[in-house]
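# A structural walkthrough
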Amino acid sequence: MIENEVNNAADNQYSANSIQVLEGLEAVRKRPSMYIGDIGERGLHHLVYEVVDNSIDEALAGFCTHIEVTINEDNSITVKDNGRGIPTGMHEKEHRSALEVVLTVLHAGGKFSKDSYKVSGGLHGVGVSCVNALSDRLEAEVHREGKIFVQKYSKGKPLTDVEIAGDADDTGTIITFHPDPEIFTTTTVYKYNTLAARLRELAYLNKGIRLSLTDRREQEAPADGESTGSDGFKSEVFYSKEGLKEFVEYLGEGTEKLIEHPICLETNKVIPIEIALQYNTGFSEKIFSYVNNINTIEGGTHLSGFKMGLTRTLKNYADKQGFLSKLKFDLSADDFREGLTAVISVKVAEPQFEGQTKTKLGNGEVVSAVSQATAAALESYLEENPREAKAIVDKVILAATARQAARKAREMVQRKTVMSGAGMPGKLADCSVKDPERCEIFLVEGDSAGGTAKQGRDRATQAILPLRGKILNVEKAMEHRVFESEEIRNIYTALGVTVGTEEDSKALNLSKLRYHKVIIMTDADVDGSHIATLILTFFFRYMFDLIRNGYVYLATPPLYLVKKGKEEIYCWTEEQRKEATMQLGKGSEKGVTVQRYKGLGEMSDEQLWSTTMDPERRLLRQITIDNAAEAERTFSMLMGDDVPPRREFIEQNAHYANVEA
């Protein structure tokens, strides 16, 4: 027996020499997802955030006021600040320039010394050295001590020594890098709007700091309302004088305010805390929490402290004023947050993160600090503003009344959901396989398209649920109306998820989710886009965990069928249509016919299968949320009551859409 084990070990050649030691930044290149989350679009943009975070740390320390981000013509990124500049002198222990140490050694930097930075941002804490490792080229330019210092790198390794390139009459750091296509195999193309959303967020979270974004790539002429720099390139400047107050107002665009001005607080007693909140007449709770500029999407102790302080203070005030004397049922904590938009930002010297995505704050001392600060600020506001206080309490009582009705409606959904297959919606054409990981469901617009999809599908793994017309706009509806909607109840029942508890009416239990791909399939026209947006709004407000776990997709049916004789080419864009027309017509449109698909029902079941449903050939777009605050604002603006912000958004973005009368 022992002899066999020895022989097996010899065969596998597993010995001390098998243990790899990765030098320098090789570990980052070997396992990049461990350091930046993933190597897709999100990880690509995270490189920019890591460099910007260094500049923000300089600003928090009081040495930087301007940060400029530029997307260059070749999709490289330049981040420039007017901070002190990374030190370039000889490092005592490493025997090389401190600049080179910062750019080539993980966890090397001033933020690890409490003398340099009291608070620092950055989710993964690996900074610019990680960016260097994952770039095929990087150049660092430092203005410091009257000189310009330059050093170039490739894939984390220095190509040159630190060289003096001239004299400088300013200070700061300029980092230019290009993501390595060997690492980022999906895409190396940066999205302007994604970077703009993060820089805007940072401007609100760090008032008084000016951030700018410029896109120097070739592009179409800017749309009406879009800004350009003096050189004609698309450019925006992000600056906030009042910080979170302006952030809450920005997030609340598209909603009707219940109180005119946000309630704000800022304190440095135990830890730096900044909070702004505002109530509106809507039914959604929009609370965003940050620690050292990191969006803590899973909440944590700072969010718990805020909720405790808010609930306790409002409840005590309402009791004291006698507003609850005639109420026949108890208030829930949820009732105090309906229609609330709030941002909580804390700065913690040594944050302890937990949770699946490491974005949940665990520091216990933060709970009481935030709770006490919230209570003190809210008590003063309520006493000084009795009219607004009465409006808030009335809103809470209205929410509690609606919650009672919603509970009954939820129970109806719950009863249908827990039933066997016989309780499934009548229009659902289910699949035969029962393994959720292999199953997918198409939410299809209308019975006609639903019938075609049922004929063309793979009956083993693909289920079809036709939806009648446009589902309820949940952005404008009270909660009990949502659960009373037949189409929405059918979605809950078909998916098999259970919904709501007394503590959290929108809590979602995915343990019995029947499909791991929920695919929205609507017509490729304006009405179809509207229906898809309504469904996405419902998922965002009531089934966010579906999106968070990557289960929601959009199907992309073709817009055109280009034909000449027996040759056919399906096209998804106008550019593809032009190319296909020239290809089939051999440079001419003569003899080429173009069929424009306005609805899924115009396709045969074979066409729908081959273009839109066949896993081998279809194009699915996964719905992800890169910036929760920006997504929140967009849904409120597009689906809310306030028309002017929606009109402005459409005017600025209409040139991206293909709209036909």
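Everything numeric in this text was worked out from a predicted model, so none of it was measured.

In space, the five strands of this open sheet follow the order 18-17-21-22-26, with mixed pairing throughout. Each edge of the open sheet is held by one strand with a lone partner, namely strand 18 (462–467) and strand 26 (620–622). Looking at each pair of strands side by side, their axes are set apart by 25 degrees on average, direction ignored. Note that strand 22 (residues 552–555) and strand 26 share three bridges and pair antiparallel. Bridged to Leu-554 within strand 26 is Arg-621. Contacts from helix 12 (residues 447–456) reach strand 17 (440–445), strand 18 and strand 21 (517–521) within the one sheet, and its direction differs from that of strand 18 by about 170 degrees.

Bringing the packing of helix 9 (residues 301–321) against helix 10 (residues 365–384) into the picture now. Axis separation between helix 9 and helix 10 bottoms out at 7 Å; the angle between their running directions is 35 degrees. With respect to the hand of their crossing, helix 9 and helix 10 are arranged in right-handed fashion. Residue-level inspection shows Thr-301, His-302, Gly-305, Phe-306, Met-308, Gly-309, Leu-310, Arg-312, Thr-313, Leu-314, Tyr-317 and Lys-320 of helix 9 in contact with helix 10, the latter providing Val-366, Val-367, Val-370, Ser-371, Thr-374, Ala-375, Leu-378, Glu-379, Leu-382 and Glu-383. For the contact of helix 9 with helix 10, a count of residues per class yields eleven nonpolar, seven polar and four charged.

Right, let's talk about the confidence of the model for the chain for a bit. Detailed conclusions should not be drawn from predicted coordinates in areas where pLDDT is low. Predicted confidence across the chain gives a mean pLDDT of 82, with 81% of residues reaching 70 or more. Per-element confidence in the chain is highest for strand 1 (residues 66–71), whose mean pLDDT is 97, and lowest for helix 1 (residues 2–12), whose mean pLDDT is 44. Every residue in residues 1–12 scores below 50 in pLDDT, and together they form one contact with partners more than four places removed in sequence or on other chains. Within the model, the stretch residues 14–22 combines pLDDT values under 50 with five contacts to residues more than four positions away or in other chains.

In a soluble, globular protein the nonpolar side chains are often hidden away together inside. Within the largest apolar cluster, 49 residues are counted, with the highest numbers of intra-cluster contacts made by Val-48, Val-52, Ile-77, Phe-177, Tyr-190, Leu-211 and Leu-213. Ranked by residues supplied to this core, first place goes to helix 4 (residues 41–60) with eight residues. The next biggest cluster of nonpolar side chains, apart from the first, holds 42 residues, and it includes Cys-431, Leu-467, Leu-513 and Phe-540.

Attention now moves to helix 8 (residues 244–251). Burial within helix 8 is extensive, with six of its eight residues counted as buried. All of the buried residues in helix 8 are Leu-244, Glu-246, Phe-247, Val-248, Tyr-250 and Leu-251.

Time to look at the sheet that holds strand 14 (residues 340–346). Taken together, the five strands give an open sheet; going across it, the order is 10-11-14-12-13, and neighbouring strands pair in mixed fashion. Of all strands in the sheet, those with a lone pairing partner are strand 10 (263–267) and strand 13 (294–295), marking the two edges. Strand direction decides the pairing type here: strand 10 and strand 11 (residues 273–279), joined by five bridges, are antiparallel. Bridged to Glu-266 within strand 11 is Glu-274.

Attention now goes to the pairing of strand 14. By the criterion of burial, strand 14 is predominantly enclosed, with seven of the seven residues buried. Every second residue of strand 14 is oriented toward a common face, with Leu-340, Ala-342, Ile-344 and Val-346 on one face and Thr-341, Val-343 and Ser-345 on the other, all of them buried. Pairing of strand 11 with strand 14, which is carried by seven bridges, proceeds in the antiparallel orientation. From the neighbouring strand, Ala-276 faces strand 14, where its bridge partner is Val-343. With six bridges joining them, strand 12 (residues 286–291) and strand 14 adopt parallel strand pairing. Bridged to Lys-286 within strand 14 is Thr-341.

One pass over the full model with this rule turns up 31 salt bridges. We note a salt bridge from Glu-145 to Arg-144, for which the minimum N-O separation is 3.5 Å. Among the ionic pairs, Glu-487 bridges to Arg-468, the shortest N-O distance being 3.9 Å. Of this pair, Glu-487 sits in helix 14 (residues 486–495) while Arg-468 sits in the loop between strand 18 and helix 13 (479–484), and the two are 19 residues apart along the sequence. Counted as one network, the salt bridges with shared partners bring together Arg-29, Lys-155, Asp-180 and Glu-182.

Relative to the helices and strands, Arg-217 is located in the loop between strand 8 (210–215) and strand 9 (234–238). For Arg-217, a relative accessible area of 13% puts it in the buried group. Within the local environment of Arg-217, its side chain forms a polar contact with the side chain of Asn-75, the two groups lying 3.1 Å apart. At a separation of 2.7 Å, a polar atom in the side chain of Arg-217 contacts the main-chain carbonyl oxygen of Tyr-190. Beyond its immediate stretch of four places on either side in the chain, Arg-217 contacts Ile-71, Asn-72, Glu-73, Asn-75, Val-189, Tyr-190, Tyr-192 and Phe-233.

This structure, assessed with the given rule, holds eight aromatic pairs. With a centroid separation of 5.6 Å and 85 degrees between ring planes, the pair formed by Tyr-492 and Phe-538 is classed as edge-to-face. Of the two residues, Tyr-492 sits in helix 14 while Phe-538 sits in helix 15 (residues 526–542), which places them 46 residues apart along the sequence. The pair formed by Tyr-492 and Phe-538 is uniform in burial state, with each residue classed as buried. With a centroid separation of 5.5 Å and 85 degrees between ring planes, the pair formed by Phe-540 and Phe-544 is classed as edge-to-face. Connected via pairs of aromatic rings, a cluster forms that spans Tyr-204, Phe-247, Tyr-250 and Tyr-290. Above the face of the Phe-323 ring, Lys-390 is positioned so that its terminal group lies 5.5 Å from the ring centre. Above the ring of Tyr-560, the side-chain terminus of Arg-577 is found at 5.9 Å from the ring centroid.

Moving on, we get to unusual backbone geometry. The phi dihedral of Glu-145 falls on the positive side, at around 55 degrees, and the residue is not glycine. Along the chain, Glu-145 falls in the loop between strand 3 (135–144) and strand 4 (147–154). What makes Glu-145 exposed here is its relative accessible area of 60%. A positive phi angle is found at Lys-155, which is not glycine, with a value near 55 degrees. Mapped onto the secondary structure, Lys-155 falls in the loop between strand 4 and strand 5 (157–158). Given a relative accessible area of 29%, Lys-155 falls into the partly exposed group.

With that out of the way, let us pick up the packing of helix 14 against helix 15. Where helix 14 meets helix 15, the axes come as close as 12 Å, and the angle between the chain directions of the two elements is 60 degrees. When the axis of helix 14 is compared with that of helix 15, the two are oblique. Between helix 14 and helix 15 lies a crossing whose hand is right-handed. Residues Ile-488, Ile-491 and Tyr-492 of helix 14 form the contact with helix 15, whose own contacting residues are Phe-538, Phe-539 and Tyr-542. Across the contact of helix 14 with helix 15, the residue classes tally to six nonpolar, no polar and no charged.

Cut-offs applied
Residues numbered from 1 in each chain as written. Predicted model: local features only at pLDDT ≥ 70, side-chain atom pairs only at ≥ 80, totals over all residues. Heavy atoms only, no water. Pairing = 2+ DSSP bridges. Helix = DSSP H or I, 4+ residues; strand = E, 2+ residues; numbered from the N terminus. Axes fitted to C-alpha atoms, helices over the stretch in contact; angles between N-to-C directions. Contact = heavy atoms within 4.5 Å. Left-handed = near helix turned anticlockwise from the far one by under 90°. Nonpolar A, V, L, I, M, F, W, Y, C, P; charged D, E, K, R; others polar. pLDDT = per-residue confidence, 0-100. Core = buried A, V, L, I, M, F, W, Y, C linked by side-chain atoms within 4.5 Å. Buried < 20%, exposed > 50% of the residue type's maximum accessible area, 1.4 Å probe, protein only. Salt bridge = Lys/Arg side-chain N within 4 Å of Asp/Glu carboxyl O. Polar contact = N/O pair within 3.5 Å; in protein donor to acceptor, adjacent residues only side chain to side chain. Phe/Tyr/Trp six-rings, centres within 6.5 Å; stacked < 30°, edge-to-face > 60°. Lys NZ or Arg CZ within 6 Å of the ring centre and 35° of its normal. Parallel < 35°, antiparallel > 145°, perpendicular 65-115°, else oblique.

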